[in-house]
Amino acid sequence: MVSRRDYKIQVQWRCFRFNLPTPMITAGSDLIKRSGWLLRLENADGDIGWGEVAPLENDDRVRENIATLINIMTNLYTKQQLTNLSKGAPPALRFGIGCALAELEDDIHKPHETWLDSPLSAWLLPSGLSALDSLLKIQEYHPQGVPITLKWKVGVHEDILERKILEELLNHLPLTTRLRLDVNGGWNRSIAASWSDRLRKEPRLEWIEQPLEPTDQIGLEIIARQVPVALDESLRVYSSLRQTWSGWQVRRPTVEGDPRFLLAALKLGTPRLMISTSIETGIGRRWVNHLAAIQHKGSTPVAPGLAPNWNPSGNLFSHDPQKVWDSALW
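As a starting point, this report considers the structure included with it.

About the cut-offs
- Residues numbered from 1 in each chain as written.
- Predicted model: local features only at pLDDT ≥ 70, side-chain atom pairs only at ≥ 80, totals over all residues.
- Heavy atoms only, no water.
- Helix = DSSP H or I, 4+ residues; strand = E, 2+ residues; numbered from the N terminus.
- Rg over C-alpha atoms; globule rule 2.2 N^0.38 Å.
- Buried < 20%, exposed > 50% of the residue type's maximum accessible area, 1.4 Å probe, protein only.
- Contact = heavy atoms within 4.5 Å.
- Areas by Shrake-Rupley, 256 points an atom, 1.4 Å probe, with all protein chains shown as cover.
- Lys, Arg positive; Asp, Glu negative; His and termini not counted.
- Charge placed at Lys NZ, Arg CZ, Asp CG, Glu CD.
- Arc of directions from axis to C-beta.
- Pairing = 2+ DSSP bridges.
- Axes fitted to C-alpha atoms, helices over the stretch in contact; angles between N-to-C directions.
- Core = buried A, V, L, I, M, F, W, Y, C linked by side-chain atoms within 4.5 Å.
- Salt bridge = Lys/Arg side-chain N within 4 Å of Asp/Glu carboxyl O.
- Phe/Tyr/Trp six-rings, centres within 6.5 Å; stacked < 30°, edge-to-face > 60°.
- Lys NZ or Arg CZ within 6 Å of the ring centre and 35° of its normal.

### Overview of the overall build of the chain
Alright, step 1. In terms of regular secondary structure, the chain is built from twelve helices and eleven strands.
Alright, step 2. Its C-alpha radius of gyration of 20 Å places the chain within 12% of the 20 Å reference for a compact globule of 330 residues.
Alright, step 3. Across its three principal axes, the chain shows a C-alpha extent of roughly 60 × 40 × 35 Å.
Alright, step 4. Put simply, the chain has 330 residues, and 55% of those count as buried.
Alright, step 5. A sequence separation of at least 24 residues applies to 69% of the contacts in the chain between residues at least 6 apart.
Alright, step 6. Accessible surface, the chain: about 15,200 Å² in total, of which carbon and sulfur atoms supply 51%.
Alright, step 7. Here the chain contributes 38 positive and 38 negative side-chain charges, whose respective centroids are spaced 3 Å apart.

### Concerning helix α7 (residues 217–224)
Alright, step 1. Of all the positions in α7, only Q217, G219, L220 and I223 are classed as buried. The buried residues of α7 occupy an angular sector of 160° when projected down its axis, which confines them to one face.
Alright, step 2. Elements that come into contact with the buried residues of α7 comprise α6 (189–199), β9 (229–231), α8 (233–237) and α9 (241–244).

### Quick word on the sheet that holds strand β11 (residues 273–275)
Alright, step 1. Read from one edge of the open sheet, seven strands run β5-β6-β7-β8-β9-β10-β11, paired in parallel fashion. If you trace the sheet from one side to the other, it starts and ends with β5 (123–125) and β11, each paired once. Sheet twist, expressed as the average angle between the axes of neighbouring strands with direction ignored, equals 30°.
Alright, step 2. Inspection of the sheet shows strand β8 (residues 205–209) paired to β9 by two bridges, in the parallel sense. Each bridged residue has a counterpart across the sheet, and for E209 the counterpart in β9 is A230.
Alright, step 3. Of the strands in this sheet, β10 (248–251) and β11 are in contact with helix α10 (residues 259–267), which crosses β11 at around 125°.

### Some remarks on the nonpolar core
Alright, step 1. L125, L150, W152, L181, W187, W195 and I208 are the most contacted members of the largest nonpolar core, which totals 33 residues.
Alright, step 2. Each residue touching W195, except ones within four places of it in the same chain, is listed here: W152, V154, D159, E162, R163, L166, L181 and W187.
Alright, step 3. Residues V11, L39, L82 and A100 belong to the second largest nonpolar core, which totals 21 residues.

### As for the sheet that holds strand β1 (residues 8–25)
Alright, step 1. Taking strand neighbours across the sheet as the criterion, the four strands line up as β3-β2-β1-β4 in an open arrangement whose pairing is antiparallel. Single-partner strands in this sheet number two, and they are β3 (48–53) and β4 (76–78). Each adjacent strand pair in this sheet contributes to an overall mean axis angle of 40°, direction not counted.
Alright, step 2. Summarising the sheet, β1 and strand β2 (residues 30–43) pair through 13 bridges and their orientation is antiparallel. The residue of β2 that forms the bridge with R17 is S35.
Alright, step 3. Its contacts with the sheet put helix α1 (residues 60–71) on β1, β2 and β3, and the angle it makes with β2 is roughly 20°.
Alright, step 4. Packing of helix α2 (residues 79–86) onto the sheet brings it into contact with β1, β2 and β4, and relative to β4 it is tilted by some 85°.

### Here we look at the pattern of salt bridges
Alright, step 1. Enumeration according to the criterion identifies 17 salt bridges in this entry.
Alright, step 2. With a closest N to O distance of 2.7 Å, E206 and R180 form a salt bridge. One end of the pair, E206, is in strand β8; the other, R180, is in strand β7 (residues 178–182), with 26 residues separating them in the sequence. Just as E206 is buried, R180 falls in that class too.

### Some words on the packing of aromatic side chains
Alright, step 1. Under the criterion given, the structure shown has eight aromatic pairs.
Alright, step 2. Centre to centre, the rings of W115 and W287 are 5.6 Å apart; their planes meet at 75°, and the pair counts as edge-to-face. Of the two residues, W115 is situated in the loop between α3 (91–104) and β5 and W287 in helix α11 (residues 282–296); the sequence distance between them amounts to 172 residues. Each member of the pair W115 and W287 is classed as buried.
Alright, step 3. Aromatic pair W187 and W195: ring centres 4.8 Å apart, planes at 35°, arrangement tilted. Just as W187 is buried, W195 falls in that class too.
Alright, step 4. Joined through ring pairs, the aromatic side chains of F16, F18 and F317 make up one cluster.
Alright, step 5. Its guanidinium or amino end placed over the ring of W195, R163 lies 5.6 Å from that ring's centre, counting from NZ or CZ.

See the structure below:
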């Protein structure tokens, strides 16, 4: 593999679009579809690097910015020119370019290694009463004898209803279960305090994910003194928290920037980084799975959040990037 700064790269891109089999309803927004671009970089030696660019659907300005930058990527570039293009670009585009350059230069795994498969993922429960039915189905095909990790979307319906559902869930869950509550910033301090009081001594609680809006960092720190708190949206709004927050961090590689920085942090053994999906194609999922596998080898192994019961099927989600590319829109 070549690594000179001035080698020429042929850049190609294609659009993709897909609907989730079941809409993912959260306190912040409803995830119904995903769309974006696939990148294919090829050098003069015929080496290929693949990338995925998939910003969150509800950010129109970011998508327009990315579309403008993507549309000029139709010629031969040097590595340095691509690196310069990604500087200051939205995180999703930095992820796509970083993915492709890293693969082009074989800078992902050790020599003679390949992409790693993810460890067993947490299961994602939907919001509301359907969480109970979903739990029963999951328990039917989860490997017997293996502790189960569950992530439940809350902060969506009336609090009194969700509190009742919580009690029913806890009545059904073995003591070996690890439970994550994903609030997506949907609580206020009063509600968060009430849930914290209830769950403070609950041994099955792994953490509460983003209980308050990212702007209430003081409130988040107060809650974290009572129960484990994992930050998600806060990390994208205030990226400096990735270096200062000592609790768990939910890291979504496809929307946070060049994945080589996260890869390096995981290889160094940085603790309490949980790898999570943003529902990506097979090209992005290769990275998510690989990073999750490295995290699991570290000092604080934990089930990644890959939403295995929410992913679409088909060649667009294949582990073979060529099949993904062939399935995308022209």
